[in-house]
Amino acid sequence: MELNRRTVIAGAAAAGVAATTALGGTAHASSGRGKPVRSLFGRLADGTKVHSWSLENGGTRMKVLSYGGIVQSLEIPDRRGRYTNVSLGFDTLEEYVASSPYFGALIGRYGNRIDKGRFTLDGTAYQLSVNDGENSLHGGSQGFDKRVWDVEPFTRGSDVGLYLYYTSVDGEMGYPGTLRTKVTYTLTRDGDWRVDYEATTDKATVVNLTSHVYWNLAGEGSGSIYDHELSIAASRYTPVNSGLIPTGELARVAATPFDFRRAKPIGRDIRTAHQQVLYGQGFDHNWVLDKGITSRPEQVALLRDPSSGRTLRIATNEPGLQFYSGNFLDGTLVGTGGRVYRQGDGLCLETQHFPDSPNQPSFPSTVLRPGRTYRTTTVHSFGA
């Protein structure tokens, strides 16, 4: 295990003392693990109850909604031990239902875009819900982000977390097969947030699950993330057309704005007159991770906010990472801190298989068949 600030905090908590880090400042010991606490968050128009679950472990605090599996808030300390919420979101259920751009949500059945909402599997053509121009995005107009999940809390050893369950019936949003999905949110003793996805089907289908947290390590509502420094372990990315559908090419990032192999500020190249940047109105692309598909999560990205010292490391066994720089936040949404979200006020790092894979034979397959289990894991590690 890497020895970082969060590890030092855990050790200090065990010893009952505060720990001073090599970066300077005093890190205050966390109160440690607590049993998840449930409260009523609101009701949908049909009367369905939506609950909020509060979790804390290893210096990380999180609130999760049964609606969409949404991470409403995630609080971590800065280099001086001061906590803030680093995830964009809303105060009320009504706001999530009315206008959320997937803030903090679980995404399925298929994360990202499918061209014209169409694909053919085993000789049968399927038409999906179209909700992004002529394309299907994030599972359609009523994807997993808009479903109420069954939630079961757990404490296991030094970990604390939630099991989330949802069954998507055959034909929902146009997808074949009844898909039974289980997602596990775990807060570890070191304060890591681990997400384990599992799914089974009774008919051949396509699956690509991910999480759509909008990060701002300086704190939600604090302004632009353009000064955040990002590195991505990827030598190639998938260029898109004007509808943000991959062309099928695996293009080199070298000598382009898409080269994040060494950490650089997000804003450095975001206004470069590069056709791909123009298509996305910033970054909204899939990076082809150098490691490919792996049996265990491997670190693929590092995000750092220089002002607070907070860092986010992402490890996954997935082959792709969608980096979205919050280009379509337009100043019409007000977040939990009471401040308006504008373009670039948050960013997403969505671990995934590639967009439009069902129509791209050269991309890694997203087909799931009966008798097989879809499994993937992403780990978010925080520090300062």
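Before reading further, recall that the structure is shown in the block above.
Overview of the structure. Each chain carries its own residue numbering, running from 1 in the direction its sequence is written. Given that this is a predicted model, residues contribute local features only at a pLDDT of at least 70 and side-chain atom pairs are listed and counted only at 80 or more, while totals for whole chains, interfaces and linings are drawn from all residues. Based on all heavy atoms of the structure, the side-chain values leave hydrogens and waters out of the count.

### A look at the overall build of the chain
Applied cut-off: Helix and strand definitions follow DSSP, with helices as H or I runs of at least four residues and strands as E runs of at least two, each counted in order from the N terminus. Here the globule rule reads 2.2 Å times residues to the power 0.38, and the radius of gyration is calculated from C-alpha atoms. Relative accessibility under 20% of the residue-type maximum defines a buried residue, over 50% an exposed one, and the middle range a partly exposed one, all with a 1.4 Å probe and only protein chains included. We call two residues in contact when some of their heavy atoms are within 4.5 Å. His is not counted, nor are the chain ends; Lys and Arg add positive charge and Asp and Glu add negative charge. Every charge is mapped onto a representative atom, which is NZ of Lys, CZ of Arg, CG of Asp or CD of Glu.
Helices and strands together make up the secondary structure of the chain, namely three helices and 31 strands. A compact globule built from 384 residues should have a C-alpha radius of gyration of about 21 Å, and the chain, at 20 Å, falls within 12% of that. When its C-alpha atoms are laid out on the principal axes, the chain stretches across 65 × 50 × 40 Å. Within the span of the chain, comprising 384 residues, buried residues form 56% of the whole. Considering only intrachain contacts with a sequence separation of at least 6, the fraction spanning at least 24 residues in the chain is 65%. When the 41 positive and 38 negative side-chain charges of the chain are each reduced to one mean point, those points stand 4 Å apart.

### Details of the sheet that holds strand E14 (residues 159–168)
Strands in a sheet are paired, the pairing made by backbone hydrogen bonds, and the direction either parallel or antiparallel. For clarity, the threshold we go by: Pairing between strands requires that DSSP locate at least two bridges from one strand to the other.
Pairing in this open sheet of nine strands is antiparallel, and the strands run E13-E14-E15-E16-E31-E25-E24-E19-E22 from one edge to the other. Single-partner strands in this sheet number two, and they are strand E13 (150–156) and strand E22 (264–265).

### A look at the side chain of Ser 308
To keep it simple, the criterion reads: Here a polar contact means two N or O atoms within 3.5 Å. Within protein one must be a hydrogen donor candidate and the other an acceptor candidate, and residues neighboring in sequence count only if both atoms are side-chain atoms.
Along the chain, Ser 308 turns up in the loop between strand E24 (298–304) and strand E25 (311–316). Judged by relative accessible area, which is 7%, Ser 308 ranks as buried. Of the polar contacts made by the side chain of Ser 308, one reaches the backbone oxygen of Leu 217; its length is 3.4 Å. Beyond its immediate stretch of four places on either side in the chain, Ser 308 contacts Asp 78, Arg 79 and Leu 217.

### Comments concerning the nonpolar core
Going by this rule: The definition of a nonpolar core used throughout is a set of buried Ala, Val, Leu, Ile, Met, Phe, Trp, Tyr and Cys residues joined through side-chain atoms within 4.5 Å.
Counting residues in each nonpolar core, the largest one holds 56 residues, and the members touching the most others are Trp 193, Trp 215, Trp 287 and Phe 323. Trp 215 has contacts with Leu 74, Val 86, Trp 193, Ile 225, Leu 303, Leu 312, Gly 346, Leu 347, His 380 and Phe 382, leaving out every residue within four places of it along the chain. Membership of the second largest hydrophobic core comes to 20 residues, among which are Phe 41, Tyr 102, Tyr 214 and Tyr 324.

### Observations regarding unusual backbone geometry
Residues Gly 108 and Arg 109 are joined by a peptide bond in cis, for which omega reads 0°. The residue Arg 109 is located in the loop between strand E8 (105–107) and strand E9 (113–114) in this model. For Asn 112, which is not a glycine, the phi torsion comes out positive at approximately 85°. By secondary structure assignment, the location of Asn 112 is in the loop between E8 and E9. Notably, Leu 244 is not glycine yet its phi reads approximately 65°, a positive angle.

### Digging into the side chain of Asn 135
Turning to its location among the elements, Asn 135 is positioned in the loop between strand E11 (124–127) and strand E12 (136–137). At 3.3 Å, the side chain of Asn 135 forms a polar contact with the backbone oxygen of Gly 243. In contact with Asn 135, not counting residues within four places along its chain, are Ile 114, Asp 115, Lys 116, Gly 117, Val 130, Gly 243 and Ile 245.

### Here's the deal with the sheet that holds strand E5 (residues 60–65)
Our working rule: Simply put, an axis is a line fit to the C-alpha atoms, just over the touching stretch for a helix, and the angle between two N-to-C directions goes from 0 to 180 degrees.
An order of E3-E4-E5-E6-E7 is seen for the five strands of this open sheet, with the pairing classed as antiparallel. Both edges of this open sheet fall to strand E3 (34–43) and strand E7 (83–85), since each of them pairs with a single strand only. Geometrically, the sheet is characterised by an average inter-axis angle of 15° between neighbouring strands, direction not taken into account. As defined by bridge partners, strand E4 (residues 49–57) adjoins E5 across six bridges and the pair is classed as antiparallel. Note that in E5 the partner of Leu 55 across the bridge is Met 62.

### Description of the packing of aromatic side chains
The following threshold applies: Stacked, tilted and edge-to-face pairs are distinguished by plane angle, under 30 degrees for stacked and over 60 for edge-to-face with tilted covering the rest, among Phe, Tyr and Trp rings (Trp via its six-membered ring) whose centres lie within 6.5 Å. Lysine NZ or arginine CZ positioned within 6 Å of the ring centre and within 35 degrees of the ring normal marks a charge as sitting over the ring.
This structure, assessed with the given rule, holds 26 aromatic pairs. Taken together, a centroid distance of 6.4 Å and an interplanar angle of 35° make the contact between Tyr 237 and Trp 287 tilted. Taken together, the positions of Tyr 237 in strand E20 (residues 236–238) and Trp 287 in strand E23 (residues 284–288) put the pair 50 residues apart, joining distant regions of the chain. Accessibility classification places Tyr 237 together with Trp 287 in one group, the buried group. Judged by centre distance (5.7 Å) and plane angle (85°), the rings of Phe 260 and Phe 323 are edge-to-face. You can see Phe 260 sitting in the loop between strand E21 (251–252) and E22 and its partner Phe 323 sitting in strand E26 (residues 320–324), a full 63 residues away along the chain. Taking the relative accessible area as the measure of exposure, Phe 323 reaches 0% and is therefore buried. Aromatic rings pair up to connect Phe 90, Tyr 96, Phe 103, Tyr 214, Tyr 324, Phe 328 and Tyr 341 into one cluster. A cation over a ring is seen here: Lys 182 above Tyr 163, with NZ or CZ 4.5 Å from the ring centre. Note that Lys 264 overlies the ring of Phe 260, its terminal NZ or CZ placed 4.4 Å from the centroid.

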